[in-house]
Amino acid sequence: MTTYAKLRTDIVAWTNNESTELAAALDTIISLAELRVYRELDLRIFRKSAGGSTTVGNQFLPLPDDCLVVRSLRLADGTHLLNRDESFIREFWPDPAITSVPRYYAPWDETTVLLAPTPNQSYAVQLVYTRQPAGIGPGNTTTWLSLFAYDLLLYASLLEAAGYLEGVTAERMEMYQTRYTDAAQRVQTQDARNRGDDFLTRSAG
C-alpha cells in the first residue's frame, strides 16, 4: 500500500531537494500530477455517466461538478451529438435565438458545453465523461492511483516538480517523461485487458 506520506517522501528523494519551498509546493504538484493522468489517460476507472436535460432556448448545458473531459453526449432517443469546436458551432448556428433539435456540442468552459442548434424543447441527455476523483492528501491518504498505479502517479509528480524546480537538466526531464510514458502504457494495457475480460465474461454469461 502506498500512501500520501510515502509519495511526498519519494518526490523529495527523487528530486534530491529537501527545501521548505518544495515541501510547501508538494500538494499543488501532486494535484497537478493527478490532473495530468486523468486528462491524458482514458481509463475506465475514471469514467462516469450522468443524466441531465437541456433548457428551451438555452445554448448552454451545465456539466457535473466532477467533470474533467466530456467523452460523449447523446439525447434520450439515442442520437449522439457530434463534438465540434466553438468556431464551427458559431458558423453553423449563428443566431442562437433560433431553435431546433441539437446536433452538435462544443466545450465552452470548465462547467458548460455549447449546443447547436439551440434546443427547441427540454431534451433528456446522457453524458459520459472523465471524472475527477478525490485527490490524495492528508484527509485521503490512498487513492486508486496510489494503490494500483503508483509508478504512474510518482513519475507524473516528478514531471510537475521538475517544472517547478530550477536547475533540472534536460536529461532528467527526459527520463521522467520516458518513465511516465512507459508507466502510462502499462496501465492502459492492463485496462484494455480488463475490458476484454469483461466482454468475454458477458459473452459467456
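Since this is a predicted model, take the numbers as computed values, not measurements.

This part takes up the overall build of the chain. When helices and strands are counted, the chain shows six helices and nine strands. Along the first, second and third principal axes, the C-alpha set of the chain runs to 60 × 50 × 35 Å. In the chain, buried positions account for 38% of the 205 residues. Taking as baseline every contact in the chain between residues at least 6 positions apart, the subset at least 24 positions apart corresponds to 71%. When the accessible surface of the chain is summed, it comes to about 11,400 Å², and 51% of that surface belongs to carbon and sulfur atoms. Both charge centroids of the chain, one from 19 positive and one from 25 negative side chains, sit 7 Å from each other.

All right, on to the environment of Leu-43 then. By the secondary structure assignment, Leu-43 is in the loop between α2 (20-40) and β1 (47-53). Along the sequence, Leu-43 and Asn-120 sit 77 residues apart, while their C-alpha atoms lie 35 Å from each other. Among residues more than four places away in sequence, those in contact with Leu-43 are Trp-144, Val-187, Gln-188, Asp-191 and Arg-195.

Quick look at the confidence of the model for the chain now. Scored by pLDDT, the chain comes out at a mean of 92, with 95% of its residues at no less than 70. Confidence drops under pLDDT 50 across residues 199-205; counting only partners more than four residues distant or on other chains, this segment forms zero contacts.

This part is about the sheet that holds strand β3 (residues 67-75). One open sheet accounts for three strands, arranged β1-β9-β3; its pairing is antiparallel. Each edge of the sheet is formed by a strand with only one pairing partner; in this case those strands are β1 and β3. Here the strands of the sheet are splayed against their neighbours by 30° on average, with no regard to which way each runs. Where β3 lies against strand β9 (residues 124-131), seven bridges are found, and the strand directions are antiparallel. Across the sheet, Val-70 pairs through a bridge with Tyr-129, a residue of β9. Sitting on the sheet, α2 touches β3 and β9, and the angle it makes with β3 is about 25°.

The subject of this paragraph is the packing of aromatic side chains. Going through the model one piece at a time under the given rule, you end up with nine aromatic pairs. Where Trp-14 meets Tyr-155, the ring centres are 5.8 Å apart and the plane angle is 80°; that geometry is what we call edge-to-face. Here Trp-14 is found in helix α1 (residues 4-15), whereas its partner Tyr-155 is found in helix α5 (residues 150-164), with 141 residues between them in sequence. The rings of Tyr-38, Phe-46, Trp-144 and Phe-148 are connected pair by pair, giving a single aromatic cluster. Lying across the ring of Tyr-180, Arg-36 places its NZ or CZ 5.7 Å from the centre. The ring of Phe-88 has Arg-84 lying over it, and the distance from NZ or CZ to the ring centre is 5.6 Å.

In this section: the packing of α2 against α5. Close contact between α2 and α5 brings their axes to 8 Å; oriented N to C, the two are set at 125°. Classified by the angle their axes make, α2 and α5 are oblique. Here α2 and α5 pass one another in a crossing that is right-handed. Contact with α2, carried on its side by Glu-21, Leu-22, Ala-25, Ile-29, Ile-30, Leu-32, Ala-33, Glu-34, Arg-36 and Val-37, involves Leu-152, Leu-153, Ala-156, Ser-157, Leu-159, Glu-160, Ala-161 and Tyr-164 of α5 and no other residues of that element. Looking at the contact of α2 with α5 residue by residue, the class counts come to 13 nonpolar, one polar and four charged.

Turning to the environment of Tyr-38, a few remarks are in order. By the element assignment, Tyr-38 lies in helix α2. The exposure class assigned to Tyr-38 is buried, which follows from its relative accessible area of 3%. Along the sequence, Tyr-38 and Val-187 sit 149 residues apart, while their C-alpha atoms lie 12 Å from each other. Once residues lying within four places of it in the same chain are set aside, the contact partners of Tyr-38 are Phe-46, Leu-68, Arg-71, Thr-130, Arg-131, Gln-132, Pro-133 and Leu-145.

So, on to α5. The end-to-end C-alpha distance of α5, which contains 15 residues, comes to 21 Å, matching closely the 21 Å that a straight helix rising 1.5 Å per residue would cover. Of the positions making up α5, those classed as buried are Tyr-150, Leu-152, Leu-153, Leu-154, Tyr-155, Ala-156, Ser-157, Leu-158, Leu-159, Glu-160, Ala-161 and Ala-162.

Conventions used here
Residues numbered from 1 in each chain as written. Predicted model: local features only at pLDDT ≥ 70, side-chain atom pairs only at ≥ 80, totals over all residues. Heavy atoms only, no water. Helix = DSSP H or I, 4+ residues; strand = E, 2+ residues; numbered from the N terminus. Buried < 20%, exposed > 50% of the residue type's maximum accessible area, 1.4 Å probe, protein only. Contact = heavy atoms within 4.5 Å. Areas by Shrake-Rupley, 256 points an atom, 1.4 Å probe, with all protein chains shown as cover. Lys, Arg positive; Asp, Glu negative; His and termini not counted. Charge placed at Lys NZ, Arg CZ, Asp CG, Glu CD. pLDDT = per-residue confidence, 0-100. Pairing = 2+ DSSP bridges. Axes fitted to C-alpha atoms, helices over the stretch in contact; angles between N-to-C directions. Phe/Tyr/Trp six-rings, centres within 6.5 Å; stacked < 30°, edge-to-face > 60°. Lys NZ or Arg CZ within 6 Å of the ring centre and 35° of its normal. Parallel < 35°, antiparallel > 145°, perpendicular 65-115°, else oblique. Left-handed = near helix turned anticlockwise from the far one by under 90°. Nonpolar A, V, L, I, M, F, W, Y, C, P; charged D, E, K, R; others polar. Expected span 1.5 Å × (residues − 1).

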